[in-house]
Each structure stands twice: as C-alpha cells, then as structure tokens.
Amino acid sequence: MSMRLLAALTLTIGLSGMNTWAAPRGADVPRPASSAGQPVQHYDETLLSKPTYKVKVEMDVQVPMRDGVTVSVDIYRPDAPGQFPAILYRTPYSNNTEQAIAVSKWFAERGYVYMYQDVRGRYDAKGDFYPFRHEPDDGYDMDAWVGKQPWFGGKLGMMGGSYSGYTQWGPAIRGAKHLTALAPQFTTPNIHGNWIYVDGALNYAFALSWGAMMMDGHVSQSTGSAVDMMTAYRTLPIADAPAVAGHRAPHYHDWIAHPTHDAYWDGISFESSHDKIEVPMLSVGGWYDIFLRGTLQDDSAVRAKGQPLARTGKRLMIGPWIHGASSRNNSYMGPARPDAVDFGAAAEVDMQKVYLRWFDYWLKGIDNGVKDELPVKIFVMGENVWRYEQEWPLK
C-alpha cells in the first residue's frame, strides 16, 4: 500500500473523531506590539473566562432554514438571566458525541451560549445531505435565527475544524449580520483545488474514502474495514468504485464529472472570495495537514484582500500537527507508529483555551493580549519551539 493511500485512509479514520472594550465591526484595530523574538505565550490562564455558570441544555432544537428544511441544534447556555455571546459549531459528524457535549458545556460554564448543530441531512437534521452545497445559505440562516433569540447578546463566533471549518467561510463571505469572529482549523474553502483536486489531479484516495464512502448517507459510514479497499481503489472506471464498496454517493459522481473549475463549483469553492471577509479570523493548521497549502494561501489572501478589520484581525497558527490534532506526535497512533516524530512538550497545546482566549477578546472584549501579538505563530520543527512572525511567507 502506498504511503499516500495509507495517509488518506488514516485521515478518513481520524475525521470520524472584565474590560468590556471590543473593536466594533468594520473598525480598525491597533497593529500588534509583540516582536518576533519574544517568547510565545498561547494564553494567560489568569485572563481566561472562568467556569462560573451552571449550564442549561436544550437538545434537538429544530431550526428552519429558508426552504423550510430544519436542522438540529443542541444549545448549551448559562443558566442565568441576561444575554450572552454565542459560539456556533456546525458538523456533519453528529452534535451528540461525548466530545461535543463536553466542549459545549465547557464554553457555556464560561459565559457563552454554545450551539452544536448537525448540518442539513446528517444525524438529527432533516433534508438530504450533499457535501458543501447548502452550508453557505444554512450558515447564514443560522446567524439570522440566533439574532432573534432572547438570550443572544449580539456577538456570534464560529469554530470547528475540517468540514466544520469550511462551514464558517460561507456565512462570512455572505456577510452574516451577527458574525463577529471565526476560528477555522485544518481547512480551506478551496474545495475544488485543495479538497477534491490538487494541481489538477483528482485527490482520489480522499475523494473515494471520505467523499464517496464516509459521507454517503445520513450518518458517517465506516465501511473501510468491511470491504476490500484495494479492489475498490483499483476499479475502473473510477465512477464504479463506490458501488464496489457498497455506496452510491451522487456527489462523488458530480466531482469526477467536473475536473475543471466550471460552474458546478460556484457557491461551493471559495478560493476567490477572500475580499468579502469582514471579520477577524484565527486560522489553525499543521505542517503535516492535507489542507496546509490552502490554510497558508487563505491567510495571505485575507491579509491582502480582506476588508479592513479582517486584514488587521487575521491570525495564523501552524503546529507540527496532522489533520485535526494538536499533540506532540505527527501520527494518530502516537509513539506506537515506528516512524512517528516526537516534537516535545511544546508541541502539545490546549487549543480549547486558545480558542477561549480568541473569543474572550472578540466576543466579550477582554483585554487579554490578542490585539498585541504578531499575526503569525509557527512551530519550528527541529528546534521544537514556537516563534512569532510578522507574515507568511517569511521575508
């Protein structure tokens, strides 16, 4: 088995897992005051929001989209009177996993309304799932719905990685009214050129194992261990490969029928829409992530073409990580994999607190250093240290 194929299969498995000032939307923010030589501090524990609230939970709230289809949202909010900032996480991988519940309660205890949503056609959401197609409109409609809720304090953030990271770009490009800050991880909105095709070639291992198999249906499909994947991958024509693995996947057939960036990709792939971004964005990626190229290109494009607050509020953090991980080893198997590299304790970062710090500043206005640090934070492999930089690519 080739290393590229092994990586794609491994990725498929890994995917199934107060100061009250705040810059107003559209305003400029001060240039960072930190320097490239100073030590990197990911967060100051003393300045993070504290777990001071009991949590009230509303499960499976069905929220109507513009066409009448409803999506399922689990809402975790502080059990207290008043209005609060909100964070939205939209997922195709179930909003009711133990991990989803834990992170939702964690943020709600710290003064946020945390909403974990099943995207259209997945798990408790109604309608039919077609990857990427409905996310811009549905994300925009969720923003509008949140704005009408009595517990909403006026500022909405979005977070999540991979597909959930992608779901943040659509409503941001559409100018969602209440959207105030984003935190996409391990992702890019360049669906045609960094998800399904790369440099003009079909990203076949990924398109088949993730797209045609895992994402074929109302719930995630784990058929990779139930069928002979080598037979599926060797099937010609490749349009017949999903059937060999027991799947239909109409979206996969559309992908291979549109190898060039034609009208099919309009409204799905947003590699030319960075100028429409208006809000601050913390992009997180990994040197070993399959979407690294897109993450870096998106950062440069937003910084160059985005609206004023998006440009000055853009932040980038790249660790020695694989897709979806922030651990010290560049493998889902950790040290159990013979060729895994251990990058030391500095590589292991509590990203939940990094995102809390980000939202504490933009949604609550806590002066915690976000506005003062340089825009780029990279992990230097070999030296195994973090370093601030003014830009990427380095000059």
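Residues numbered from 1 in each chain as written. Predicted model: local features only at pLDDT ≥ 70, side-chain atom pairs only at ≥ 80, totals over all residues. Heavy atoms only, no water.

Note on placement: Asp-141 falls in helix H3 (residues 135–147). When near neighbours in sequence (up to four residues on either side) are disregarded, Asp-141 contacts Met-65 and Arg-66. (Helix = DSSP H or I, 4+ residues; strand = E, 2+ residues; numbered from the N terminus. Contact = heavy atoms within 4.5 Å.)

So, about empty space enclosed by the protein. Computed from the structure, the largest cavity encloses a volume of approximately 110 Å³. Around the largest cavity, the lining is made up of 13 residues, and of these Leu-282, Arg-315, Arg-357, Glu-373 and Lys-377 lie nearest the centre. Broken down by class, the residue content of the lining of the largest cavity amounts to 9 nonpolar, no polar and 4 charged. By volume, the second largest cavity amounts to about 50 Å³. In this structure, the second largest cavity is lined by Trp-169, Pro-184, Phe-186, Thr-187, Ser-283, Val-284, Thr-295 and Asp-298. For the lining of the second largest cavity, the residue count by class is 4 nonpolar, 3 polar and 1 charged. (1 Å grid on protein atoms, 1.4 Å probe; cavity = no way out; pocket = protein on both sides within 12 Å on 5 of 7 lines; lining within 4 Å. Points joined across faces, edges and corners; volume = space filled by probe spheres on them. Nonpolar A, V, L, I, M, F, W, Y, C, P; charged D, E, K, R; others polar.)

The next subject is the packing of H3 against helix H4 (residues 163–174). With their axes 8 Å apart at the nearest point, H3 and H4 run at an angle of 70 degrees to one another. Comparing their axes, H4 and H3 come out roughly perpendicular. Here H3 contributes Glu-135, Pro-136, Asp-137, Gly-139 and Tyr-140 to the contact with H4, which in turn contributes Tyr-163, Tyr-166, Thr-167, Gly-170, Pro-171 and Arg-174. Here the residues of the contact of H3 with H4 are counted per class, giving 5 nonpolar, 3 polar and 3 charged. (Axes fitted to C-alpha atoms, helices over the stretch in contact; angles between N-to-C directions. Parallel < 35°, antiparallel > 145°, perpendicular 65-115°, else oblique.)

Before going further, it helps to spend a moment on the nonpolar core. Formed by 65 residues in total, the largest nonpolar core has its most connected members in Met-115, Trp-195 and Trp-210. Grouped together as the second largest cluster of nonpolar side chains are 37 residues, Leu-309, Ala-347, Met-351 and Phe-379 included. (Core = buried A, V, L, I, M, F, W, Y, C linked by side-chain atoms within 4.5 Å. Buried < 20%, exposed > 50% of the residue type's maximum accessible area, 1.4 Å probe, protein only.)

Glancing now at the pattern of salt bridges. For side chains of opposite charge, pairing can occur when their charged atoms come near one another. Counted under the stated rule, the structure contains 19 salt bridges. Residues Arg-120 and Asp-67 are paired through a salt bridge, measuring 2.8 Å at the closest nitrogen-oxygen approach. On the criterion of sequence distance, the pair formed by Arg-120 in the loop between strand S4 (113–118) and H3 and Asp-67 in the loop between strand S1 (55–64) and strand S2 (70–78) is long-range, its members being 53 residues apart. For Arg-120, a relative accessible area of 6% translates into the label buried. Judged by its relative accessible area of 47%, Asp-67 falls in the partly exposed class. (Salt bridge = Lys/Arg side-chain N within 4 Å of Asp/Glu carboxyl O.)

Trans is the common state for peptide bonds, and a negative phi is the common state for residues other than glycine. Here the residue pair Leu-236 and Pro-237 is connected by a cis peptide bond, since its omega of -5 degrees sits within 30 degrees of zero. When you line up the elements, Pro-237 lands in the loop between helix H7 (229–234) and helix H8 (241–244). Across the junction of Trp-392 and Pro-393, the peptide omega takes the value 0 degrees, indicating a cis bond. Secondary-structure assignment places Pro-393 in the segment after strand S12 (385–389). Of note in the backbone geometry, Ser-94 takes a positive phi value of approximately 90 degrees without being a glycine. If you trace the backbone, Ser-94 turns up in the loop between strand S3 (84–91) and helix H2 (98–109).

The subject of this paragraph is the confidence of the model for the protein. On average, residues of the protein score 91 in pLDDT, and 90% of them reach the 70 mark or higher. The low-confidence segment residues 1–14 (pLDDT under 50) makes 25 contacts with residues lying over four places distant or belonging to another chain. Across residues 16–33, where pLDDT falls below 50, the model places 47 contacts with residues more than four positions away in sequence or in other chains. (pLDDT = per-residue confidence, 0-100.)

All right, on to the environment of Glu-389 then. Structurally, Glu-389 is set in strand S12. For the pair formed by Glu-389 and Lys-177, sequence separation is 212 residues and the distance between their alpha carbons is 32 Å. Glu-389 has contacts with Leu-374, Pro-375, Val-376, Ile-378 and Leu-394, leaving out every residue within four places of it along the chain.

It is worth spelling out the sheet that holds strand S6 (residues 179–185) at this point. Here we have 10 strands laid out as an open sheet, ordered S1-S2-S4-S3-S5-S6-S9-S10-S11-S12, and mixed in their pairing. Strands at the two margins of the open sheet, each flanked by one partner only, are S1 and S12. Each neighbouring strand pair of the sheet contributes to a mean axis angle of 20 degrees, computed without reference to strand direction. Note that S6 and strand S9 (residues 281–286) share 2 bridges and pair parallel. Pairing of Gln-185 across the sheet is with Val-284, part of S9. Those strands touched by helix H10 (residues 292–305) are S9, strand S10 (314–319) and strand S11 (376–380), and its axis lies near 160 degrees from that of S10. (Pairing = 2+ DSSP bridges.)

Here the focus is H4. The element H4 is largely enclosed, with a buried count of 11 among its 12 residues. Within H4 the residues assigned to the buried category are Tyr-163, Ser-164, Gly-165, Tyr-166, Thr-167, Gln-168, Trp-169, Gly-170, Pro-171, Ala-172 and Ile-173. The first or second residue beyond H4 is Gly-175, which carries a positive phi of 80 degrees.

Here 8 bridges tie S1 to S2, and the two strands are oriented antiparallel to one another. What sits directly across from Val-57, in S2, is Tyr-76. Hairpin connection, S1 to S2: the antiparallel pair is bridged by 5 residues, and Gly-68 has positive phi, about 95 degrees.

This brings us to a nonpolar patch on the surface. Among the surface-exposed residues, Tyr-288, Val-341 and Met-381 lie close enough to one another that they form a single nonpolar patch of about 230 Å² accessible area. Using a relative accessible area of 35% as the deciding quantity, one classes Met-381 as partly exposed. (Patch = residues over 30% accessible without salt bridge, like charges linked within 9 Å, V, L, I, M, F, W, Y side chains within 5 Å. Areas by Shrake-Rupley, 256 points an atom, 1.4 Å probe, with all protein chains shown as cover.)

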